[in-house]
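Geometric and topological summary
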Amino acid sequence: MAGTHVLFVEDDDVIREATQLALERVGFVVTAMPDGLSGLEAFRADRPHIALLDVMVPGLDGVSLCRRIRDESTVPVIMLSARADSIDVVLGLEAGADDYVTKPFDGAVLVARIRAVLRRFGHAGGPTAGDGPGQDRPAACGVLTFGDVEIDTDGMEVRRAGEPVALTPTEMRLLLEFSAAPGTVLSRDRLLERVWDYGWGGDTRVVDVHVQRLRTKIGQDRIDTVRGFGYKLKA
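Since this is a predicted model, take the numbers as computed values, not measurements. (Residues numbered from 1 in each chain as written. Predicted model: local features only at pLDDT ≥ 70, side-chain atom pairs only at ≥ 80, totals over all residues. Heavy atoms only, no water.)

A closer look at the overall build of the protein chain
Convention followed: Each helix corresponds to a stretch of at least 4 residues labelled H or I by DSSP, and each strand to a stretch of at least 2 residues labelled E; elements are numbered beginning at the N terminus. Summary of the burial criterion: residues with accessible area below 20% of their type's maximum are buried, those above 50% are exposed, and those between are partly exposed, where the area comes from a 1.4 Å probe applied to protein chains only. We call two residues contacting when some pair of their heavy atoms lies within 4.5 Å. For every accessible area listed, the method is Shrake-Rupley and the probe measures 1.4 Å; residues are considered covered only by the protein chains on display.
Tallying secondary structure elements over the protein chain gives eight helices and 11 strands in all. Of all 235 residues assigned to the protein chain, the portion counted as buried reaches 48%. The long-range share in the protein chain, meaning contacts at least 24 apart out of those at least 6 apart in sequence, stands at 61%. With the model as given, the accessible surface of the protein chain reaches about 10400 Å², and the carbon-plus-sulfur share is 51%.

Section: the nonpolar core
Test applied: The set of buried Ala, Val, Leu, Ile, Met, Phe, Trp, Tyr and Cys residues whose side-chain atoms join them within 4.5 Å is what this entry labels a nonpolar core.
One finds Leu53, Met79 and Phe178 to be the most contacted residues of the largest nonpolar core, which totals 50 residues. For this core, the element with the highest residue contribution is helix α8 (residues 205–218), accounting for six residues. Excluding residues within four positions of it along the chain, phenylalanine 178 makes contact with Leu186, Leu191, Val211, Leu214, Ile223, Tyr231, Lys232 and Leu233. Core analysis: the second largest hydrophobic core is formed by 16 residues, Leu23, Ile50, Val101 and Leu118 among them.

Focus: the side chain of arginine 16
Selection criterion: Under this definition, polar contacts are N or O atom pairs within 3.5 Å; protein pairs additionally need one hydrogen-donor-capable and one acceptor-capable atom, and for neighbouring residues in sequence, both atoms have to be side-chain atoms.
If you trace the backbone, arginine 16 turns up in helix α1 (residues 13–25). You can call arginine 16 buried: its relative accessible area is 12%. A distance of 2.7 Å separates a polar atom in the side chain of arginine 16 from a polar atom in the side chain of aspartate 13. Here arginine 16 is in contact with Phe8, Glu10, Asp11, Ala32, Met33 and Pro34, once residues within four sequence places are set aside.

A few points about unusual backbone geometry
At the junction of lysine 103 and proline 104, the peptide bond is cis and its omega measures out at -5 degrees in the coordinates. Turning to its location among the elements, proline 104 is positioned in the loop between β5 (99–102) and α5 (107–120). Even without being a glycine, methionine 156 presents a positive backbone phi close to 50 degrees. Take methionine 156: it is sitting in the loop between β7 (149–152) and β8 (157–160). On the basis of relative accessible area, methionine 156 is assigned to the partly exposed category, the value being 22%.

With respect to the sheet that holds β7
Quick reminder of the rule: Here a strand pair is declared whenever DSSP counts at least two bridges between the two strands. Lines fitted to the C-alpha atoms define the axes, with helices restricted to the stretch that makes contact. Angles between their N-to-C directions range from 0 to 180 degrees.
Strand order in this open sheet of four strands is β6-β7-β8-β9, and the pairing throughout is antiparallel. The sheet is open, and its two borders are formed by β6 (143–146) and β9 (163–165), each paired with just one other strand. Across the sheet, the mean angle from the axis of one strand to that of its neighbour is 25 degrees, orientation sign disregarded. Note: β7 against β8, four bridges, orientation antiparallel. Across the sheet, residue isoleucine 151 finds its bridge partner in β8, namely valine 158.

Describing the sheet that holds strand β3 (residues 50–54)
Ordered by their spatial adjacency, five strands build an open sheet running β2-β1-β3-β4-β5, and the pairing between neighbours is parallel. Since the sheet does not close on itself, it has two edges, and those belong to β2 (29–33) and β5, each with one partner. Recorded for the sheet is a direction-independent mean angle of 20 degrees between the axes of neighbouring strands.

Re the confidence of the model for the protein chain
The following threshold applies: One confidence number per residue, pLDDT, is output by the predictor and ranges from 0 to 100.
Averaged over every residue, the pLDDT of the protein chain is 87; the share at 70 or more is 88%. Low pLDDT (under 50) marks residues 124–139, which in the prediction has 29 contacts with non-local residues, meaning those over four places away or in another chain.

Points about the pattern of salt bridges
Basically, it comes down to this: In the sections that follow, a salt bridge refers to a side-chain nitrogen of Lys or Arg positioned within 4 Å of a carboxyl oxygen of Asp or Glu.
Under the criterion given, the structure shown has 14 salt bridges. Note that aspartate 197 is salt-bridged to arginine 119, the shortest N-O span being 2.4 Å. In this pair, aspartate 197 sits in the loop between α7 (188–195) and α8 while arginine 119 sits in helix α5, placing the two residues 78 residues apart along the sequence. Residues aspartate 224 and lysine 234 are paired through a salt bridge, measuring 3.9 Å at the closest nitrogen-oxygen approach. Here aspartate 224, found in strand β10 (residues 223–226), pairs with lysine 234, found in the segment after β11 (230–233); they are 10 residues apart in sequence, far enough to count as distant.

Observations regarding the packing of helix α2 (residues 36–46) against helix α3 (residues 62–72)
What counts here: Here roughly perpendicular refers to angles of 65 to 115 degrees, roughly parallel to angles under 35, roughly antiparallel to angles over 145, and oblique to all remaining angles. The sense of a crossing depends on the near helix, which, turned anticlockwise from the far helix by less than a right angle, makes the crossing left-handed and, turned clockwise, makes it right-handed. Each residue is assigned to one of three groups, with Ala, Val, Leu, Ile, Met, Phe, Trp, Tyr, Cys and Pro labelled nonpolar, Asp, Glu, Lys and Arg labelled charged, and all others, Gly among them, labelled polar.
Look at α2 against α3: their axes get within 10 Å of each other, and the N-to-C directions meet at 20 degrees. One finds that α2 runs roughly parallel with respect to α3. For the pair α2 and α3, the crossing hand works out as right-handed. Contacts between α2 and α3 involve Gly36, Gly39, Leu40, Phe43 and Arg44 on the former and, on the latter, Leu65, Arg68, Ile69 and Glu72. Of the residues that constitute the contact of α2 with α3, the class distribution is four nonpolar, two polar and three charged.

See below:
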């Protein structure tokens, strides 16, 4: 993934400079900005492949910046938060972030998370069938229909009641995972592994927030919660 362009927004000079060096050392091209407003300008000017946004930055906070980016693009976003239990984590995910990393973080862990996100996004583009997590999933081709929801697995498009539904690549991957096994309960751990490419335990809040975001787009009653087990798509 050499040459991949990363936008990094962090107001702490030491963290910003150290992280930039660590990412550039493994081949990323990094644009580092100290505040949200300059980060938004850099995003619009450079159109990076991925954005790393600290939650607490001046001018325009990371959550608001994520929301502005998501209004304009489906580029992957990773939030950086100083506390794992912070409400800011959930707010960032609800704003459209695809993942988050807790500070202080190990440089190797951050690089691994960035690469995992980029793999499931097909680098800068959207998801493709057979790419990344879930690649051993039985291929489903054509148009799948669940109630008033239609999923074009070839064109990677979704419609509800005939109207197009805009999904981020992570939301699309999540929906494809559900649609490959309608009526089957999928655990949060399985979804973390298959959709987020986590080879280790992750925070299931990432799954819960994305499921809720997906529900708001395809219908609240389309995905059932099976308490204590996970979620399933109504067949």
